[in-house]
Amino acid sequence: MSRFSGRRERFRGILQGEACVYPASVYDPISARIAEHLGFEMGMYAGSLASLAVLAAPDLILLTQTEYAQQAHRVGRASELPLFADADHGYGNALNVKRTVEELEFAGLAGLSIEDTNLPQPHGSGGTAALLSIEEGVGKMRAAVAGRSDPDMVIAGRTSAAQLTSIDDAIARSKAYVAIGVDAIFLVGVPNREALETIAAEISVPILLGGGARDMRDPAWLAGLGVRFLLRGHHTFSASVQAIHDTMRALRDGVAPEDVTGTASGDL
């Protein structure tokens, strides 16, 4: 039995349950510890936040696989919170995906997703996102499943096809990824309730949802469609940046340390 079996079993329990939960957006050990303290069922570790936390760089695939896995290890060491990682494109081709899964499994993750977006964006794209072919996407998902040694760790196939191509393409990709053994489908950019209902009717595994319009944030409705978590953004990081900025500015402007407001108590 893996030392991480408990957190992986708890995350599997979320996928096999009947509720839709809201993950805590975490990016370092203290944010994960806070989420655990507040009673969140799970945490979401995004590549975009890892890039900001480790490099102070935007989400442009500048972070390396090693840096991403090392930060995941730090987070996992500090908290028993089941952690799900958005592992972007797996940091390369199918062979790189396999190694990414191996590294993140040993870092203690409860689950991860690999996406079928063409990353990093190639020359001439003009900043417009595009998808890999379904065939290459299937190859990456197959490599991800093959890279897992602990069957309790969840592998999800992620696609933004609903936003970038079509609902039919999102369904076709989801079905293809399920057929080679992914445990869940992570959907990003689903435009409306009707589109989600159409896709969900064709998917036989749990759905993970990366955001949605305000009228899509009904946990009971989502749960009925098989959605097991809804990511509601990464406000924790931006709030932290604002707090650090305001505190530093106050001190730089001459506010006495004992007069600084908004700081955590010793007990907290």
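The structure presented is a predicted model; accordingly, all values stated were derived computationally and were not measured. Sequence order as written defines residue numbering, which begins from 1 separately in each chain. Totals for whole chains, interfaces and linings use all residues, but because this is a predicted model, local features are given only for residues with pLDDT of at least 70 and pairs of side-chain atoms are given and counted only at 80 or more. Remark: hydrogens and water are excluded; side-chain values derive from all non-hydrogen atoms of the structure.

## So, a nonpolar patch on the surface
Surface patches are defined over residues having more than 30% relative accessible area and no salt bridge, joining like charges when they lie within 9 Å and nonpolar side chains (Val, Leu, Ile, Met, Phe, Trp, Tyr) when within 5 Å. What sets the accessible areas is the Shrake-Rupley method with a 1.4 Å probe; for residues, cover comes only from the shown protein chains. Salt bridge criterion: a side-chain nitrogen from Lys or Arg within 4 Å of a carboxyl oxygen from Asp or Glu. A cluster of nonpolar residues, Ile30, Ile34, Leu38 and Phe40, forms a patch on the protein surface that exposes about 390 Å² of accessible area. Helix and strand assignments follow DSSP, with helices taken as H or I runs no shorter than four residues and strands as E runs no shorter than two, numbered in order from the N terminus. Along the chain, Leu38 falls in helix H2 (residues 29-38). For each residue, the accessible area found with a 1.4 Å probe, counting protein chains only, is set against the maximum for its type, and the residue is called buried under 20%, exposed over 50%, and partly exposed in between. Overall, Leu38 belongs to the exposed group, its relative accessible area being 58%.

## Some thoughts on the nonpolar core
Working definition of a nonpolar core: buried Ala, Val, Leu, Ile, Met, Phe, Trp, Tyr and Cys residues. They are joined through side-chain atoms within 4.5 Å. Within the largest apolar cluster, 57 residues are counted, with the highest numbers of intra-cluster contacts made by Tyr68, Val182, Val190, Leu196 and Leu209. Take this core: its biggest share by element is five residues, from helix H6 (residues 134-147). Contacts were defined at the residue level, with two residues in contact if any of their heavy atoms lie within 4.5 Å. Apart from the residues lying within four places of it in its own chain, the contact partners of Leu196 are Leu187, Val190, Leu209, Met216, Trp221, Leu222, Leu225 and Val227. If you look at the next biggest cluster of nonpolar residues, it comprises 16 residues, including Phe11, Met44, Phe186 and Leu208.

## Focus: the sheet that holds strand E8 (residues 227-231)
Neighbouring strands of a sheet are bound in pairs by backbone hydrogen bonds; such pairs are parallel or else antiparallel. The rule for pairing is simple: two strands pair if DSSP sees at least two bridges between them. If you walk across this open sheet you meet the eight strands as E1-E2-E3-E4-E5-E6-E7-E8, and the pairing is parallel. The open sheet terminates on both sides in strands that have one partner only, identified here as strand E1 (24-26) and E8. The sheet shows a mean angle of 25° between the axes of neighbouring strands, direction not considered. Bridging between strand E4 (residues 111-115) and strand E5 (residues 154-159) involves five bridges; their strand directions are parallel. Paired with Ile114 across the two strands is Gly157, which belongs to E5. In the packing of H6 onto the sheet, contacts are made with E4 and E5, and the angle to E4 comes to roughly 160°. Axis angles are defined between N-to-C directions and span 0 to 180 degrees, where every axis is a line fitted to C-alpha atoms and, for a helix, only to the segment in contact.

## Looking at the side chain of Asp169
Following the sequence through the fold, Asp169 ends up in helix H8 (residues 167-179). Not counting residues within four places of it along the chain, the set of residues in contact with Asp169 comprises Leu131, Ile134 and Ala161.

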